[in-house]
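Commentary on secondary and tertiary structure
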Amino acid sequence: MKRRHLLLSTAAAVAAFPSFAQPQRPIRLIVPYAPGGPLDITSRVLAERVKDTLGTVIIENRPGAGGNIGSDAIAKAAPDGTTIGIAAVATHAINPWLFGKMPFDPARDFAAITQMVRVPNVLVMNAGTAARLKIDTLADLIRYARANPAKLNYGSGGNGSAGHLAGEMFKRDAGIFAVHIPYNGGNPAQLALLSGHVDFNFDNLATAAPNIRAGKLKALAVTTLQRSPNLPEAPPVAETLKGFSIDTWWGLVAPAGTPADTIQRLNQAFVAALQSPEAKSRFAGLMAEPVPTTPEQFAAFMKSELARYEKIVKASGAKVD
């Protein structure tokens with residue numbers, strides 16, 4: 001009788017503390033790029049900020065194929081809220097028009113959680129080249145390029161990269177011709193610019209900022225429609241070429257079919273993290289502007305970006321088979 005009473009007491013104690021009996025499963029956050037870049041760093045900042053509300057969030061880097069490998073892993077994960085990941089302008093707006101075959105459908109295979117950040121792209125010149133050619137403003141660059149067709153070149157992280165597409169848009173809108181030199185990634189392209197092998201690049205501000213501050217690169221303009229608070233001295237390209245706009249963004253998604261209440265719980269936790277003073281401070285160091293949204297707002301934004309980049313990629317002629 002005493003033994004039966006002891007067993008019942010133990011069961012009651014376990015029922016009173018269900019969290020001990022059923023520990024919360026960690027969340028896997030897939031970043032489709034290598035460690036150390038802005039997408040990886042911002043993901044780790046947020047993972048630390050949501051641990052009190054969501055529990056442990058483990059960052060898993062799955063780089064390769066321009067981000068398609070990691071994005072495919074997100075799309076094919078179980079839609080139970082334990083796997084989420086990063087959707088970026090490359091993976092969800094550019095790659096679908098760039099790659100001949102895609103392993104996932106960006107419009108159907110994901111559930112939006114929230115946009116995370118927006119990072120302006122910036123038109124930068126090698127500072128020595130700019131001084132030698134007496135180029136101090138965007139208008140100076142356009143005038144020189146028009147007077148000297150094909151004498152200027154620009155580098156990018158590869159055919160179809162954001163830097164390549166921005167360069168082709170700039171050439172079209174400015175009525176100039178400059179030779180495009182693709183590199184195998186953003187870092188080699190930046191090294192080529194710093195060494196003077198190319199004349200100008202369109203780079204994201206987070207990557208270019210240290211060399212702008214050091215005086216190695218000259219920032220002529222940002223590619224957002226308004227000035228960036230992180231580089232207020234650089235005017236928008238749109239002040240010279242009306243309507244010019246192209247920037248870098250990324251956010252959080254889950255596999256399609258993830259329950260709506262789970263998406264809302266994730267959204268609330270990550271939006272709160274994005275709005276925290278700690279996250280804003282860390283993001284500012286990366287020249288990244290937090291952009292918390294509802295799931296519906298982020299879904300609509302990704303849909304509009306996918307449609308916009310179809311025209312841009314096709315006009316560039318870039319293709320990856």
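Reading the values: rules and limits
- Residues numbered from 1 in each chain as written.
- Predicted model: local features only at pLDDT ≥ 70, side-chain atom pairs only at ≥ 80, totals over all residues.
- Heavy atoms only, no water.
- Helix = DSSP H or I, 4+ residues; strand = E, 2+ residues; numbered from the N terminus.
- Buried < 20%, exposed > 50% of the residue type's maximum accessible area, 1.4 Å probe, protein only.
- Contact = heavy atoms within 4.5 Å.
- Areas by Shrake-Rupley, 256 points an atom, 1.4 Å probe, with all protein chains shown as cover.
- Axes fitted to C-alpha atoms, helices over the stretch in contact; angles between N-to-C directions.
- Parallel < 35°, antiparallel > 145°, perpendicular 65-115°, else oblique.
- Left-handed = near helix turned anticlockwise from the far one by under 90°.
- Nonpolar A, V, L, I, M, F, W, Y, C, P; charged D, E, K, R; others polar.
- Polar contact = N/O pair within 3.5 Å; in protein donor to acceptor, adjacent residues only side chain to side chain.
- Phe/Tyr/Trp six-rings, centres within 6.5 Å; stacked < 30°, edge-to-face > 60°.
- Expected span 1.5 Å × (residues − 1).
- pLDDT = per-residue confidence, 0-100.
- Salt bridge = Lys/Arg side-chain N within 4 Å of Asp/Glu carboxyl O.
- Arc of directions from axis to C-beta.

On a plain count of helices and strands, the chain comes out with 14 helices and 10 strands. Counting over 321 residues, the chain shows a buried share of 50%. Summarising the internal contacts of the chain: among those between residues at least 6 apart in sequence, 77% fall at separations of at least 24. Working note: accessible area of the chain is about 15100 Å², and carbon and sulfur atoms make up 56% of it.

Another point: the packing of helix H6 (residues 89–98) against helix H14 (residues 295–316). In contact at an axis separation of 8 Å, H6 and H14 are set at 40° when each is read in the N-to-C sense. Between H6 and H14, the crossing angle belongs to the class labelled oblique. Between H6 and H14 lies a crossing of right-handed hand. Touching Val89, His92, Ala93, Ile94, Pro96, Trp97 and Leu98 of H6 are Met302, Glu305, Leu306, Tyr309, Glu310 and Val313, all from H14. Of the residues assigned to the contact of H6 with H14, the class counts are 10 nonpolar, one polar and two charged.

Position of Thr248 among the secondary structure elements: in strand S9 (residues 247–255). In this structure the side chain of Thr248 is engaged in a polar contact, spanning 3.0 Å, whose partner is the side chain of Asn121. Residues within four places of Thr248 in sequence aside, it is in contact with Val89, Val117, Arg118, Val119, Asn121 and Asn204.

On to the packing of aromatic side chains, then. Inspection of every chain in the model, using the stated rule, returns eight aromatic pairs. Consider the rings of Phe104 and Phe110, whose centres lie 5.5 Å apart with planes at 90°: the pair is edge-to-face. Per residue, the accessibility class of Phe104 equals that of Phe110, and both read buried. Taking the centre distance of 5.5 Å and the plane angle of 15° together, the rings of Tyr154 and Phe200 count as stacked. Residue Tyr154 is found in strand S5 (residues 153–156), and its partner Phe200 is found in strand S7 (residues 200–204); the two are separated by 46 residues along the sequence. Comparing Tyr154 with Phe200 shows no difference in burial state: the two are buried. Chaining the aromatic ring pairs together yields one cluster made of Tyr154, Phe170, Phe200, Phe202 and Phe244.

This part is about helix H3 (residues 38–49). For H3, with 12 residues, the first-to-last C-alpha span of 17 Å sits near the 16 Å given by 1.5 Å per residue. Within the sequence span of H3, burial applies to Leu39, Asp40, Thr42, Ser43, Val45, Leu46 and Ala47.

Inspection of the secondary structure assignment puts Pro210 in helix H11 (residues 205–213). When the C-alpha atoms of Pro210 and Leu193 are compared, they prove to be 14 Å apart, with 17 residues separating the residues in sequence.

Turning our attention to the side chain of Thr293. Mapped onto the fold, Thr293 is located in the loop between strand S10 (289–290) and H14. When near neighbours in sequence (up to four residues on either side) are disregarded, Thr293 contacts Ile113, Thr114, Gln115, Asn267, Val271 and Phe298.

Moving on, we get to the confidence of the model for the chain. Here the chain averages 90 in pLDDT, while 93% of its residues score no lower than 70. Of the regions scoring below 50 in pLDDT, residues 1–22 engages in one contact with residues more than four places distant in sequence or in other chains.

Okay, the pattern of salt bridges next. Applying the stated rule across the entire model yields 16 salt bridges. A salt bridge links Arg143 to Asp140, with the nearest nitrogen and oxygen atoms 2.4 Å apart. Of this pair, Arg143 and Asp140 both sit in helix H8 (residues 138–147), three residues apart, roughly one helical turn. We classify Arg143 as exposed; its relative accessible area is 52%. Taking relative accessible area as the criterion, Asp140 reaches 18% and is therefore assigned buried. Glu239 serves as the salt-bridge partner of Arg227, at 3.9 Å between the closest nitrogen and oxygen. Linking Arg227 in the loop between strand S8 (217–222) and S9 with Glu239 in the loop between S8 and S9, this pair joins segments that are 12 residues apart in sequence. Each of Arg28, Glu60 and Arg62 takes part in salt bridges that share partners, so that together they form one network.

A word on unusual backbone geometry. Positive phi outside glycine occurs at Ala65, with the angle close to 55°. Within the chain, Met287 stands out as a residue other than glycine whose phi angle is a positive 60°. Among the structural elements, Met287 can be located in the loop between helix H13 (277–285) and S10.

So, on to helix H10 (residues 186–194). The complete set of buried residues in H10 reads Ala189, Gln190, Ala192 and Leu193. Here the buried residues of H10 occupy an arc of 155° about the axis, which is enough to place them on one side. For H10, exposure combined with an orientation more than 90 degrees from the buried face picks out Asn187 and Leu191. The inward-facing, buried residues of H10 contact strand S4 (110–126), S5, S7, H11 and S8. A positive phi of about 85° marks Gly196, the residue just after H10.

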